[in-house]
Amino acid sequence: MRLSKLRGACILLLLSFMLLSCEYPVSTTGTSNSGQGDTSATGKNRFTNVSTTCPKPLARISSCLTPYSMRQVYGIQSLIDQGFTGKGQTIIDIVSFGSPTLKADMDVFDKTFGLPPVNLEVIAPLNVPEKDPHGDKDGWGDETTLDVQIIHAMAPEAKIVVLVSPVAETEGTFGLPEFRALEQYVMDHNLGSIVSQSWGASELTLKDSAGQQELQQWDTLLQKGTTKMGITYFNSSGDQGATDYADDNKKMGNVPATSFAASSPWVTAVGGTTVNRKAGNTSGANEQAWSGSGGGFSLFFKAPDFQQGLSASIQQQLQGRRGVPDVSGDADPYSGLAFYRKGNWNMAGGTSASAPLWAAIMALANQAAGHPLGFINPTLYKLAASDQYDHLFNDVILGDNTNQGARVRGYPAIKGWDPVTGLGTPKADKLVPALVKAMKTS
C-alpha cells in the first residue's frame, strides 16, 4: 500500500499531520567520465543558499529544515562544494498517478531555495485501466512532490524521471504487478541505476498463493537488477513502527510485521530518525529513532549473507530472518524538510522521505565513482563492521519503534545495527568516498 495510511510519508500541514504515500524509485543513468566533481566557477558553491529559516508559515518552527540545513546535517553540502551534485545521473521516482501540479510546484521550490530548475521528465508507459479504489490521487500527488523535492534538494543536478502507474498500490498484490512492470521498464530502457521505492505492502497480506507468486517474481526481478544490471534499490521501511497497524483507517494487524519490498534482501531498506539540531549550529545534529520507523524481521526472506556477520546478540534476534532496515535518515515530520505544493508550505517526513534522501546520496556516489556502484548492501555492512564505523555513520542509540496504538512493543535503538534504524544515518562526506573506494577494490 502506499506509505500513507500504513507507512507513508508524513506531512506536517502547519501544525497538523497528514499521512501520505511514497513510492519513488530512483535511478542513475549517466555517469561522470572522470569521476571528478565539477569545481569550475559554474560548479563549486553554486548550491550554497545558506538560508536555515523555512518560508512562512513554517518560519517559527525551529525544527524545520531547509535544503541547506538538511545537507549540513548529513555532510552532503561538503560533497556539493566539491562539485558532486548528481550531474550526469538520473533518479527515477516510481509512483501511482503522479502530480498534475508538479512542475509548477517545483518552480516555486527551486526559486525559494536558490536551486537550479529541476531536470524533470514524467513517463506513463503502461496501457492499463486506471484503478484508484480509495480515491487517493491527491495523496499520491503529495507523495510525488515530496519525493522529487527531497531528491532535487540533495542532488540538484541529477535528472529526475517520474515513472507513473495508473493503478494505486494499496495492500496485498493490488498494484504490485503494475509497479513490477515499471521496474522492468527501467531495465529494458536503461533508464538508470538507482531505484528508490517508498511504498510498502505488508507481509501479513502476502501469505496466500497469489502473494507468494508475486513475491517470487519480484525476487527474480530484483536479483537480476542488482547482479546483472548494477542497480541500487532503496525502499522505505514503513511509518507504523514495529507493526502494520492500519490500512486506510481499518485495523489490519496488531503483531510485529515488516513490509515488502523493504524486506527483500536485494533492497537497501531505509528506516527513520528524528533530527535534533543543536541551537545555533546547522552542521551539528543528534538523532534518535523515530517512533514510526518500520523495522523488524521478515516472514519470508532469510538473513542475507551481509547480515550474518552481525553480532551474536543480533543473530539471536534475527533467528535466520532478514532484518529491516539497513540504514536510516530523517523521517519525523516535526524535523522534516520544508516542501511546497499547490500554494502551501508544509513539513514532510516518513520513511518515504528518508528513502529518496539515500537515493540522492547514491547519485552523488555514482558520480564520484564514474559508474554505477550497484548492490551496496554487502559493502555497507563491511564498512560498518570495520574500525571506520563511527567515522562513516551516525550511530543512533536512543528511542524505539513501539506502536502504542496497536499495543505492539517495538525494538530499541542500540549501538550498531538495530531493527529500527539499521546501521544508522550517513556521514555522506566520509561515507561516499569510502564506499567508492571499497567497491573499487572489492
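Residues numbered from 1 in each chain as written. Predicted model: local features only at pLDDT ≥ 70, side-chain atom pairs only at ≥ 80, totals over all residues. Heavy atoms only, no water.

### Notes on the overall build of the protein
What counts here: In DSSP terms, a helix is any run of H or I states spanning at least four residues, a strand is any run of E spanning at least two, and both are numbered starting from the N terminus. With a 1.4 Å probe rolled over the protein chains alone, any residue whose accessible area is under 20% of its type maximum counts as buried; one over 50% counts as exposed, and the rest are partly exposed. Each accessible area value is a Shrake-Rupley result obtained with a 1.4 Å probe; residue values ignore everything except the protein chains displayed when judging cover.
Within the protein, the secondary structure is distributed over 11 helices and 20 strands. Out of the 442 residues in the protein, the part that is buried amounts to 63%. Taken as a whole, the protein presents about 15900 Å² of accessible surface, with 50% of it coming from carbon and sulfur.

### Considering the state of the cysteines
To keep it simple, the criterion reads: What counts as a disulfide here is a pair of cysteine sulfur atoms lying within 2.5 Å.
In total, this model carries 1 disulfide according to the counting rule given. In this model C54 forms its disulfide with C64; the gap between the sulfur atoms is 2.0 Å. Sign of the S-S torsion, about -95° for the bond between C54 and C64, identifies this disulfide as left-handed. Note that C54 is positioned in the loop between β2 (16-19) and α1 (67-73) and C64 in the loop between β2 and α1, a separation of 10 residues in sequence. Of the two residues, C54 and C64, both sit in the buried class.

### Comments concerning the side chain of E143
Stated formally: Within 3.5 Å is the distance limit for a polar contact, defined as a pair of N or O atoms, with the added protein rule that one can donate a hydrogen and the other accept it, and that residues adjacent in sequence qualify only through two side-chain atoms.
Relative to the elements of secondary structure, E143 occurs in helix α4 (residues 137-154). On the accessibility criterion, E143 (0% relative accessible area) is buried. At a separation of 3.5 Å, a polar atom in the side chain of E143 contacts the side chain of S352.

### A look at the packing of aromatic side chains
Using the following cut-off: Between 30 and 60 degrees the pair is tilted, below 30 it is stacked and above 60 it is edge-to-face, where a pair is any two Phe, Tyr or Trp rings, Trp via its six-membered ring, whose centres lie within 6.5 Å.
The final tally for this structure, using the stated rule, is 17 aromatic pairs. When the centroid spacing of 6.5 Å and the interplanar angle of 75° are considered together, the rings of W140 and F179 count as edge-to-face. Taken together, the residues span a long stretch of sequence, with W140 in helix α4 and F179 in helix α5 (residues 176-188) at a distance of 39 residues. A residue is classified by how much of its surface remains accessible, and F179, at 1% relative accessible area, is buried. Measuring from ring centre to ring centre gives 5.0 Å for F306 and Y381, while their planes differ by 40°; the resulting arrangement is tilted. Here F306, found in the loop between β14 (296-302) and α7 (312-318), pairs with Y381, found in helix α9 (residues 377-384); they are 75 residues apart in sequence, far enough to count as distant.

### Some remarks on the nonpolar core
Inclusion rule: Residues grouped as a nonpolar core are buried Ala, Val, Leu, Ile, Met, Phe, Trp, Tyr and Cys residues, joined through side-chain atoms within 4.5 Å. Here, residues are in contact when the closest pair of their heavy atoms is within 4.5 Å.
In this structure, I76, L163, F260, L373 and F393 are the most contacted members of the largest nonpolar core, which totals 114 residues. If one sorts the elements of this core by residue count, helix α8 (residues 351-369) sits on top with 13 residues. Apart from the residues lying within four places of it in its own chain, the contact partners of L163 are I92, D93, I94, V95, I123, P125, L182, Y185, V186 and L191.

### Quick notes on the packing of α8 against helix α11 (residues 428-441)
Note the threshold: Angles here are taken between N-to-C directions and fall from 0 to 180 degrees, while the axes themselves are lines fitted to C-alpha atoms, restricted in helices to the stretch in contact. Small angles under 35 degrees read as roughly parallel and large ones over 145 as roughly antiparallel, with 65 to 115 read as roughly perpendicular and the rest as oblique. The crossing is said to be left-handed when, going from far helix to near helix, the turn is anticlockwise and less than a right angle, and right-handed when the turn is clockwise. Gly is put with the polar residues, along with every residue not named as nonpolar or charged; the nonpolar set is Ala, Val, Leu, Ile, Met, Phe, Trp, Tyr, Cys and Pro, and the charged set is Asp, Glu, Lys and Arg.
Relative orientation of the contacting elements α8 and α11 amounts to 50°, with a least axis distance of 9 Å. Judged by the angle between their axes, α8 and α11 are oblique. Crossing angle aside, the handedness with which α8 passes α11 is right-handed. Across from W358, I361, A365, A368 and A369 in α8, the residues of α11 making contact are A428, L431, V432 and V436. Partitioning the contact of α8 with α11 into residue classes produces 9 nonpolar, no polar and no charged.

### Looking at the confidence of the model for the protein
We apply this condition: Predictor confidence is given residue by residue as pLDDT, running from a minimum of 0 to a maximum of 100.
Here the protein shows a mean pLDDT of 88. Residues at 70 or above account for 85%. Across residues 4-9, confidence stays below pLDDT 50; counting only partners more than four residues off in sequence or on other chains, it has 50 contacts. Low pLDDT, under 50, characterises residues 13-36; the predicted model gives this stretch 134 contacts beyond four residues in sequence or across chains.

### Thoughts on the pattern of salt bridges
So the rule is basically this: For this document, the term salt bridge refers to a Lys or Arg side-chain nitrogen within 4 Å of an Asp or Glu carboxyl oxygen.
Under the criterion given, the structure shown has 9 salt bridges. When salt bridges with common partners are traced through the structure, they connect D138, D142, R341 and K342 into a single cluster.

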